[in-house]
Amino acid sequence: MMQNSRSKCGKSSVHEPVVTRISDRALEHLRRVTDRPDLSNTRYDLVEPLGRGGMGSVYLVHDRDLDRRVALKVLVSESIAPAMCERLVKEAQTLARLEHPGIVPVHDVGMTEDGFPFYTMKLVRGLRLDRHVTTGIALAERLQIVERICDAVAFAHDRGVVHRDLKPANIMIGPFGEVLVMDWGVAHIRGAVGTLREGGDVAGTPGFMSPEQEQGDGCLDERSDVFGLGALLRFLLEGISAPRPLLAICRKATAFDRALRYATAGDLARDIAQFRAGLPVSAYRETPVERAWRLLRRYRVPVALIFAYIGMRLVLLLLTGN
Amino acid sequence: MCLHFHSTLSMEHALVSDAISASSGAFPDTHRSTVDAIRSGDPDVRRVAFDALARSYWKPVYKYLRLRWHRDSQDAQDLTQEFFARAYQKEMLEQYDRDRGRFRTFLRICVDHLAQNEHTAAMRIKRGGSVAIRPWDLVEIEQELSGMAGSREEDPDAVFHREWLRSLFDTAIRRARVECERQGKQTAFDVFERYDLLAPNQGESLTYAQLADEFGVPITQVTNYLAFVRRRVRHHVLAVLRETTTNDAEFAVEVREVLGA
């Protein structure tokens, strides 16, 4: 129906709709534009959607004042509570203070014209960890990635922030090998009431969520993230014939009882670093044979030189009889 | 039985009054689900809920019968009316089990069942008659259907879903229009209609500058007008979704499906 009944655009009858039929094309257009945040009262121009998560959508926007592109995350929770906006501001302020090369910096926080809280952050281009691993990376690089995630998370813990949703999709690997921990939307801040997630007790992702999170335990601490880090390590070891000490690190980090886990992300990082350096790890009691084998591998160059020297002396002994 | 429905226009005005009073928040208030209210023991509550449900689904059901079941206009109209009459009388909709799938799919299957089992001319006589359930203008719907022949080959669920989506936005836009009229913001709605409905309908590429020129307003005002009406359309879309879903989880899924990026 509805075709254009006005003689000139802008001069239509007040009471009769001009358009009475919504075409498929118009329908798709409407779905797109009505979902977009109303940024008319901000300094940002929406460029394109980047993705959508459980709590909100992320858009590529242009910052007119600074003439640069940033990522804007706007909460789209349908049961948003008024107090949630206040929490978002508080959390954004806290995250803005997390100045660490492994954490995406928050630039700005505000409210859209239609009352949705948002914040902007550095625009990160790269691959999510779950996609990065499909490029066939070596074990050493995988361990290095986990170590760097641990460093960033330990830094946040030191400032009272527990991420609570560590998973491959929330780790970004930049074009120069940067490792960035993303999406702090369900983070818990020490001393803060509640979180960004509505109904906030069960936040996280199955498979990467600690048992206490699954059970809705309100008293979460850094060890919940240690579980997530262990799950990340386990994810990175999938399909690889991993040495026993490494598997033991995984087991310890993801222990059901949090008292049995590493106390801090830093402790976990240290154990991984120990393994990479060929040193004993706290999570695994090695047998004498394993110890000898590890030492042989760790000191393979001097050991090879010693064996070469001994071999040479034996040859000389056989040849000269002295 | 005779079910009475508000005329489309008065209904929209009534609903918009509620919407305006609740428009301060970003999201519609949580209503008791229409689907749940249909199960109410109170006949008045049940009737109002059924009325709301028919408003949401009459058009998709009719179009579905026209497109998918190749029924002519009169036949589709009779069957649609019979569907809602049966649904009300036989309490068919009360049998919906949310654990077995979404309500929309349940409805579509019920429509298929009715269309499949409708053989005799006697049934045709039985249809219609005293039951007047038609909250939409049939001529208008037929006009909408014109030029949609390609849809006949589509997956049934996709056809029903798309028509339901169209009906959803149609309702939301009507409510937004009434709202704009009441608030003296007709120009805002005209700009929205021109840019978000007419231009896409006609495959026309329109810039904000052209729009500003057409309506004789600054470009910034065009942005404000569009933002305002889109916000109201979104509000009404969410309100209708809230009315026709059974719980928060279903509502969240529907919102993501309807408005998701």
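No experiment lies behind these values; they were computed from the predicted model shown. (Residues numbered from 1 in each chain as written. Chains lettered and ligands numbered in written order. Predicted model: local features only at pLDDT ≥ 70, side-chain atom pairs only at ≥ 80, totals over all residues.)

### Quick word on the overall build of chain A
In step 1: Assigned secondary structure in chain A consists of 10 helices and 10 strands.
In step 2: For chain A, buried positions account for 38% of its 322 residues.
In step 3: The long-range fraction of contacts in chain A, counting pairs at least 24 apart against all pairs at least 6 apart in sequence, stands at 57%. (Helix = DSSP H or I, 4+ residues; strand = E, 2+ residues; numbered from the N terminus. Buried ≥ 20, exposed ≤ 12 C-beta atoms within 10 Å, placed from the backbone. Contact = placed C-beta atoms within 7 Å.)

### Things to note about the confidence of the model for chain A
All names here are of chain A.
In step 1: On average, residues of chain A score 82 in pLDDT, and 82% of them are at 70 or above.
In step 2: Looking at the elements of chain A, mean pLDDT is at its lowest for helix H2 (residues 82-96), recorded as 70, and at its highest for helix H4 (residues 139-158), recorded as 95.
In step 3: The model gives residues 1-18 a pLDDT under 50, and that stretch makes 32 contacts with residues more than four places away or in other chains.
In step 4: Confidence drops under a pLDDT of 50 for residues 194-201, and excluding neighbours within four residues, the segment shows 23 contacts in the predicted structure. (pLDDT = per-residue confidence, 0-100.)

### Regarding the pairing of strand S5 (residues 117-121) of chain A
Within a regular beta strand, the side chains point alternately toward one face of the sheet and then the other, so they alternate between its two faces.
Residue and element names in this part refer to chain A.
In step 1: Taken across its 5 residues, S5 has 5 buried, putting it largely inside the fold.
In step 2: Of the two faces of S5, the one carrying Pro-117, Tyr-119 and Met-121 and the one carrying Phe-118 and Thr-120 are both buried.
In step 3: Here strand S3 (residues 68-75) pairs with S5 via 4 bridges, running antiparallel. Within S5, the residue paired with Lys-73 across the bridge is Tyr-119. (Pairing = 2+ DSSP bridges.)

### Describing the environment of B:Thr245
In step 1: Structurally, B:Thr245 can be placed in the loop between helix H11 (219-243) and helix H12 (248-259).
In step 2: Along the chain, B:Thr245 and B:Phe103 lie 142 residues apart, while their C-alpha atoms are 7.6 Å from each other.

### Observations regarding helix H10 (residues 300-320) of chain A
Three- or four-residue spacings in an α-helix give side chains the same orientation, since the helix completes a turn every 3.6 residues.
All names here are of chain A.
In step 1: In a regular helix each residue adds 1.5 Å, so 21 residues correspond to 30 Å; H10 covers 30 Å between its end C-alpha atoms and thus fits that length.
In step 2: Counting buried positions along H10 gives 0 out of 21 residues, so the element sits mostly on the surface.
In step 3: Following H10 by one or two positions, Gly-321 adopts a phi angle in the positive range, close to 75°. (Expected span 1.5 Å × (residues − 1).)

### As for the sheet that holds strand S9 (residues 179-181) of chain A
Residues and elements named next belong to chain A.
In step 1: Strand order in the open sheet formed by 3 strands is S6-S8-S9, and the pairing between neighbours is antiparallel. Edge strands, defined here as strands with exactly one partner in the open sheet, are strand S6 (127-128) and S9.
In step 2: Both S6 and strand S8 (residues 171-173) contribute to a ladder of 2 bridges, which runs antiparallel. Paired with Leu-127 across the bridge in S8 is Ile-173.
In step 3: The strands touched by H4 within the sheet are S8 and S9, with S9 carrying the most contacts at an inclination of about 40°. (Axes fitted to C-alpha atoms, helices over the stretch in contact; angles between N-to-C directions.)

### Description of the nonpolar core
In step 1: Counting residues in hydrophobic clusters, the biggest one holds 66 residues, and the most contacted among them are A:Val146, A:Ile149, A:Val153 and A:Leu229.
In step 2: If you tally residues by element for this core, the top one is H4(A), at 9 residues.
In step 3: Excluding residues that lie within four positions of it along the chain, A:Ile149 makes contacts with A:Gly102, A:Ile171, A:Val179, A:Val181, A:Leu229 and A:Leu232.
In step 4: Among the nonpolar cores identified, the runner-up in size contains 65 residues, and A:Ala26, B:Tyr64, B:Leu93 and B:Leu114 belong to it. (Core = buried A, V, L, I, M, F, W, Y, C linked by C-beta atoms within 7 Å.)

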